[in-house]
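An overview of the molecular structure
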Amino acid sequence: MADALSPLTDDPSSSAVFCDIDGTLAPIVDRADEARVPEEVSVLLGRLGRRYGCVACISGRSAAEARRLVGVGSIAYAGSHGAELLEPGSQTPRLVPAFKSWEERVRSFAAERDTPELRKLRVRIEDKGPIYGFHWRGVPDEDEARTQLEGLAQEAEAAGFATHWGRKVLEVRPPIPIDKGQAVRDLVARSRSTAALYGGDDATDLDAFDALDALVDGGNLDAAVRVGVRSEEGPAAIVERADLVVDGVDGFVRVLETLAAA
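Residues numbered from 1 in each chain as written. Predicted model: local features only at pLDDT ≥ 70, side-chain atom pairs only at ≥ 80, totals over all residues. Heavy atoms only, no water.

Side note on the layout of surface pockets
The cut-off we apply is this: Only protein atoms enter the calculation, which uses a 1 Å grid: trapped sets of points that fit a 1.4 Å probe without letting it out are cavities, open sets showing protein on both sides within 12 Å along at least five of seven lines are pockets, and any residue with an atom within 4 Å of a point is a lining residue. Grid points are joined across faces, edges and corners, and a volume is the space filled by probe spheres set on the points. Counting from the N terminus, the helices are DSSP H or I runs at least four residues long and the strands are E runs at least two residues long. Under the grouping applied here, Gly and all other residues not named as nonpolar or charged are polar, the nonpolar ones being Ala, Val, Leu, Ile, Met, Phe, Trp, Tyr, Cys and Pro and the charged ones Asp, Glu, Lys and Arg.
In this structure, the largest pocket occupies an estimated 480 Å³ of space. Surrounding the largest pocket, 31 residues form its lining, Asp22, Ile28, His135, Val169 and Asp202 being those nearest its centre. Looking at the lining of the largest pocket, the elements that each hand over two or more residues are β6 (124-127), β8 (162-166) and β9 (169-173). Among the elements that make up the lining of the largest pocket, the one with the highest residue count is β8 (three residues). Classifying every residue of the lining of the largest pocket gives eight nonpolar, seven polar and 16 charged. Its volume calculated, the second largest pocket comes out at about 190 Å³. Residue lining of the second largest pocket: 14 residues in total, with Gly53, Cys54, Val55, Ala76 and Pro88 positioned closest to the centre. Contributing elements (two or more residues each) for the lining of the second largest pocket: β2 (54-58) and α8 (180-191).

Printed below as a string of structure tokens:
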């Protein structure tokens, strides 16, 4: 592992450490609001923030919720899949203006679909600011919930919204191109890093892998390390495309420990 991480540990002040939260720093749970980042992981991230040029968590959660969950104020948070950026020490995230203009429309759509039928199925609706998530993990009838949400997705797309399917969650988003890769590109440019690492476990994290590849190919990064966090529900491509593969949250914690100890 130490050899794989040497592009960053050789020059920490010019390196960036980026990671997903759910499934990478915090174990996947049935309810998103029950997720917890272990205290030792938060301590590690704080140490890395003092040692490396840029440390950021990049999440589908809102930036404010990501910071609350991780509990470290000295690092950056890119929320809503890169639509928001909460810089170290800042109180208010910066939102991509085009996303902001759709926020009320997404909220109204989600409120109108908060129906007795979905509640009976125990589908949970998560407010992510400009994005709303409809979760069915752990509900009594997951197949029926998925079927109902497929219809909801069709309605959302007909109304002009974008949709995205994740791990037992449907997201309704503004129709603005945004992904975790854009967050990686922005953070690398802002920090002027020469090497960067990204760790993730889900399909949305593949966009961050793509961004690292493009930055290296374009000469904007000298080196990149893609860390795939293996899990039962994660896409095969996370493992296939990774430079370093680890098992679950515990495996990624060992990556952070190695970065901190170097």
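Here the narrative resumes, following the displayed structure.
Overview of the side chain of Lys128
Using the following cut-off: The classification of residues rests on relative accessible area computed with a 1.4 Å probe and restricted to protein chains. Under 20% of the type maximum is buried, over 50% is exposed, and intermediate values are partly exposed. Two residues qualify as a contact provided that any one of their heavy atoms is within 4.5 Å of a heavy atom in the partner residue.
Among the secondary structure elements, Lys128 is positioned in the loop between β6 and β7 (132-135). A residue is classified by how much of its surface remains accessible, and Lys128, at 5% relative accessible area, is buried. Setting aside chain neighbours within four positions, we find Lys128 in contact with Gly60, Arg61, Ser62, Ser80 and Glu171.

Quick word on helix α7 (residues 142-158)
So the rule is basically this: The span you would expect from a helix comes to 1.5 Å times its residue count less one. The directions considered for the arc are those from the helix axis to the C-beta atoms.
The first and last C-alpha atoms of α7 sit 24 Å apart over 17 residues, in line with the 24 Å expected at 1.5 Å per residue. Looking only at α7, the buried set comprises Ala145, Leu149, Leu152, Ala153 and Ala156. Projection of α7 onto a plane perpendicular to its axis shows the buried side chains occupying an angular sector of 110 degrees, all on one side. Turned more than 90 degrees from where α7 packs its buried face, Asp143, Gln154 and Ala158 sit exposed.

With respect to the pattern of salt bridges
For clarity, the threshold we go by: When a carboxyl oxygen of Asp or Glu is within 4 Å of a side-chain nitrogen of Lys or Arg, the pair counts as a salt bridge.
According to the stated counting rule, one finds 22 salt bridges in the structure shown. For the salt bridge of Arg241 with Asp213, the shortest nitrogen-to-oxygen distance reads 3.0 Å. Placement of the pair is Arg241 in the loop between α10 (236-240) and β12 (244-247) and Asp213 in helix α9 (residues 205-217), with a sequence separation of 28 residues. Residue Arg241 is classed as partly exposed on the basis of its relative accessible area of 24%. On the accessibility criterion, Asp213 (26% relative accessible area) is partly exposed. The closest approach of N and O atoms between Arg226 and Asp243, which form a salt bridge, is 3.1 Å. Separated by 17 residues along the polypeptide, Arg226 in strand β11 (residues 223-230) and Asp243 in the loop between α10 and β12 bring together distant segments of the chain. The class of Arg226 is buried, set by a relative accessible area of 16%.

Examining the sheet that holds β12
Using the following cut-off: In this description, strands pair whenever DSSP reports at least two bridges between them. Comment: axis = line fitted to C-alpha atoms, over the contacting stretch for helices; angle = value between 0 and 180 degrees taken between N-to-C directions.
The strand order β5-β4-β3-β2-β1-β10-β11-β12 describes an open sheet built from eight strands, whose pairing is mixed. A strand with exactly one partner marks an edge of an open sheet, and here the two such strands are β5 (94-95) and β12. Pairing between β11 and β12: four bridges, direction parallel. Note that in β12 the partner of Gly228 across the bridge is Val245. Relative to β12, helix α11 (residues 248-261) is tilted by about 125 degrees, and along the sheet it contacts β1 (15-19), β10 (195-200), β11 and β12.

Focus on the nonpolar core
Keep this limit in mind: As used here, the term nonpolar core means buried Ala, Val, Leu, Ile, Met, Phe, Trp, Tyr and Cys residues forming a set that is joined through side-chain atoms within 4.5 Å.
Counting 38 residues, the largest nonpolar core has Leu25, Leu45, Leu197 and Phe252 as its most contacted members. Top element by residues in this core is α11. It accounts for seven residues. In this structure Leu25 touches Cys19, Asp20, Val37, Pro38, Val41, Leu45, Cys57, Val70, Val249, Phe252 and Leu256, once residues within four positions along its chain are discounted.

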